[in-house]
Amino acid sequence: MTELLISKLQKHGIAIMNMRGQGYDNGPIGRPRKKRSLFGYEGEDEPVTDPQQKFEDMDTVVLTRDSATLERALTYGDSRDIDTKELCNEFKALLSRHLFPSLSQTPSEETLGYKEFVEAAKTVKHIPVALCSDKEAWAKLSIVSDTIAIFRKADNHQDNLQLSETKKVEADGLARFITMNELRYITEYNQVTAVGLFQSEVKAHLLLFINRGSGDYKELKDRLGALAPEFVGEFLFVLVHGVKSNEKSLGYFGLTSRDLPRVGIYDGDSDMKWLMPEGEISTERVREFCQSLILGNLKEVKQAGEPDPKTEL
């Protein structure tokens, strides 16, 4: 989305160098984030000598149109990463707050971590990235020096990597940090994403166990992805594919790939797990299943994967 935004602004003669960004088999792991193809700084427009003036001259109608394009591109189900009106107002506020940095503030190839960050961003193309050198914005985010910061909506968490305290700044290392700390409203489970999932302060996980090629795969994934924002701060929603590499995780819940799709809950605080009773995987049933853990109603329910008690004859 960074490239789309920059291209829209460049079309109107604006050069913006800064943007405000925004295992279940018994153990946690670590995870890296993917990089986004970064900024297209080249364009057909003439160099901007006075960005503030160019910004003043931009038609509000055009700004609104381009902001709406970005909103649609960043909409997933019922959740949106940006709002057209808010984004348009933020662009306008850039002028009134004089946020265009001086040349001395603008990151360059000599800036610690700059080249490595740009290279890392090219390998995590699905993740929006931005550069920010405005110290006022840093202060609001509790950042005091050159830092890679990740902002997650899934659990309202900010992860910081302070470059001055890093022994060696490399593109691969930055990409690994980003990928390992990436969480979405519904996150695909693997050995990389498991790190961020199990290190999150949100310890309850709602899991959709499903075979990727099944006919209802996309429908169920989208359905739970749309429900996830209702439980931000309480649950992480996780997608577990019924593949060989996940056999141990499935077995932990007493499942095989033939049993899917199924929905389960893992509570990291108590190290307990449950399966939602078989039946339709509807939004309402999954919502009630999540509420049953929040209300404490699952504590007395038999855990998933436990054998039935033996009875003596």
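As the structure is a prediction and not an experimental result, all values here were calculated from the model. (Residues numbered from 1 in each chain as written. Predicted model: local features only at pLDDT ≥ 70, side-chain atom pairs only at ≥ 80, totals over all residues. Heavy atoms only, no water.)

Caption draft 1: Seen up close, the overall build of the chain. Along the backbone of the chain there are eleven helices and nine strands. Taking all 313 residues of the chain together, 44% fall into the buried category. Element-wise, carbon and sulfur atoms account for 49% of the exposed surface of the chain, whose accessible area totals about 17,400 Å². (Helix = DSSP H or I, 4+ residues; strand = E, 2+ residues; numbered from the N terminus. Buried < 20%, exposed > 50% of the residue type's maximum accessible area, 1.4 Å probe, protein only. Areas by Shrake-Rupley, 256 points an atom, 1.4 Å probe, with all protein chains shown as cover.)

Caption draft 2: View of helix α5 (residues 114-121). Here α5 has its buried residues at Y114, F117, V118, A120 and A121. Taken end-on, α5 shows its buried residues confined to a sector of 160 degrees, consistent with a single buried face. Its buried side turned inward, α5 meets β3 (147-152) and α7 (171-180). (Arc of directions from axis to C-beta. Contact = heavy atoms within 4.5 Å.)

Caption draft 3: Broad picture of helix α11 (residues 283-294). Over its twelve residues, α11 extends 17 Å from the first C-alpha to the last, a length consistent with the 16 Å expected when each residue adds 1.5 Å. Buried within α11 are the following residues: V286, F289, C290, S292 and L293. Viewed along the axis of α11, the buried residues span an arc of 155 degrees, placing them on a single side of the element. Where α11 is buried, its residues contact β6 (204-210), α9 (217-227), β7 (236-241), β8 (262-267) and β9 (272-275). In the stretch just after α11, G296 is the one whose phi turns positive, near 85 degrees. (Expected span 1.5 Å × (residues − 1).)

Caption draft 4: Fine view of the pairing of β9. Relative to β9, β8 runs antiparallel, the two being bridged by four bridges. Bridge assignment links D267 to a residue of β9, and that residue is M272. Taking the residues that link successive antiparallel strands as the turn, the β8-β9 hairpin has four residues, and the phi of D271 there is positive, at about 55 degrees. (Pairing = 2+ DSSP bridges.)

Caption draft 5: Layout of the pairing of β8. Of all six residues in β8, six are buried; the element is thus mostly enclosed. Here β8 shows two buried faces, one formed by R262, G264 and Y266 and the other by V263, I265 and D267. Bridge count between β6 and β8: six bridges; the pairing is antiparallel. When the sheet's bridge partners are listed, H205 is paired in β8 with Y266.

Caption draft 6: Inspection of the packing of α9 against α11 at higher detail. Remark: α9 packs on α11, axes separated minimally by 10 Å, with the N-to-C direction vectors making an angle of 50 degrees. One way to sum up the angle between α9 and α11 is to call them oblique. Here α9 and α11 pass one another in a crossing that is right-handed. Contacts from R223, L224 and L227 of α9 reach α11 at T283, V286 and R287. (Axes fitted to C-alpha atoms, helices over the stretch in contact; angles between N-to-C directions. Parallel < 35°, antiparallel > 145°, perpendicular 65-115°, else oblique. Left-handed = near helix turned anticlockwise from the far one by under 90°.)

Caption draft 7: Representation of the sheet that holds β8 within the structure. Strand order in the open sheet formed by five strands is β5-β7-β6-β8-β9, with mixed pairing between adjacent strands. Each edge of the open sheet carries a strand with a single partner, namely β5 (186-188) and β9. Each strand of the sheet is rotated relative to its neighbour by a mean of 25 degrees, with strand direction disregarded. Packed onto the sheet, α9 meets β5, β6 and β7 and runs at close to 165 degrees relative to β6.

Caption draft 8: A look at the nonpolar core. Judged by nonpolar contacts, the single largest core of 26 residues is most densely connected at L206, F235, F237 and V286. Residues contacting L206, with those up to four places away along its chain left out, are L224, F235, L236, F237, V238, V263, G264, I265, V286, F289 and C290. If you look at the next biggest cluster of nonpolar residues, it comprises 20 residues, including A154, L183, Y189 and L197. (Core = buried A, V, L, I, M, F, W, Y, C linked by side-chain atoms within 4.5 Å.)

Caption draft 9: Structural view of the pattern of salt bridges. Counting across every chain of the model gives ten salt bridges. The residue D155 makes a salt bridge to R152 at a minimum N-O spacing of 2.7 Å. With relative accessibility at 6%, the residue R152 sits in the buried group. The salt bridge partner of R287 is E284, with a shortest N-O separation of 2.7 Å. Highlighted residues: R287 and E284, both in helix α11, separated by three residues, approximately one helical turn. According to the relative accessible area criterion, R287 is partly exposed, its value standing at 22%. We classify E284 as partly exposed; its relative accessible area is 41%. Through salt bridges that share partners, R152, D155 and D159 make up one connected network. (Salt bridge = Lys/Arg side-chain N within 4 Å of Asp/Glu carboxyl O.)

Caption draft 10: Examining the confidence of the model for the chain more closely. Across the chain, the average pLDDT comes to 76, with 69% of residues at 70 or higher. Taken as a whole, residues 95-105 scores under 50 in pLDDT and shows 14 contacts with residues more than four places along the chain or in a different chain. (pLDDT = per-residue confidence, 0-100.)

Caption draft 11: Structural context of the packing of α5 against α7. It is at 8 Å that the axes of α5 and α7 come closest, and there the two elements cross at 55 degrees. The orientation of α5 with respect to α7, classified from their angle, is oblique. As for the relative orientation of α5 and α7, their crossing is right-handed in sense. Across from E116, F117, E119 and A120 in α5, the residues of α7 making contact are A171, L174 and A175.

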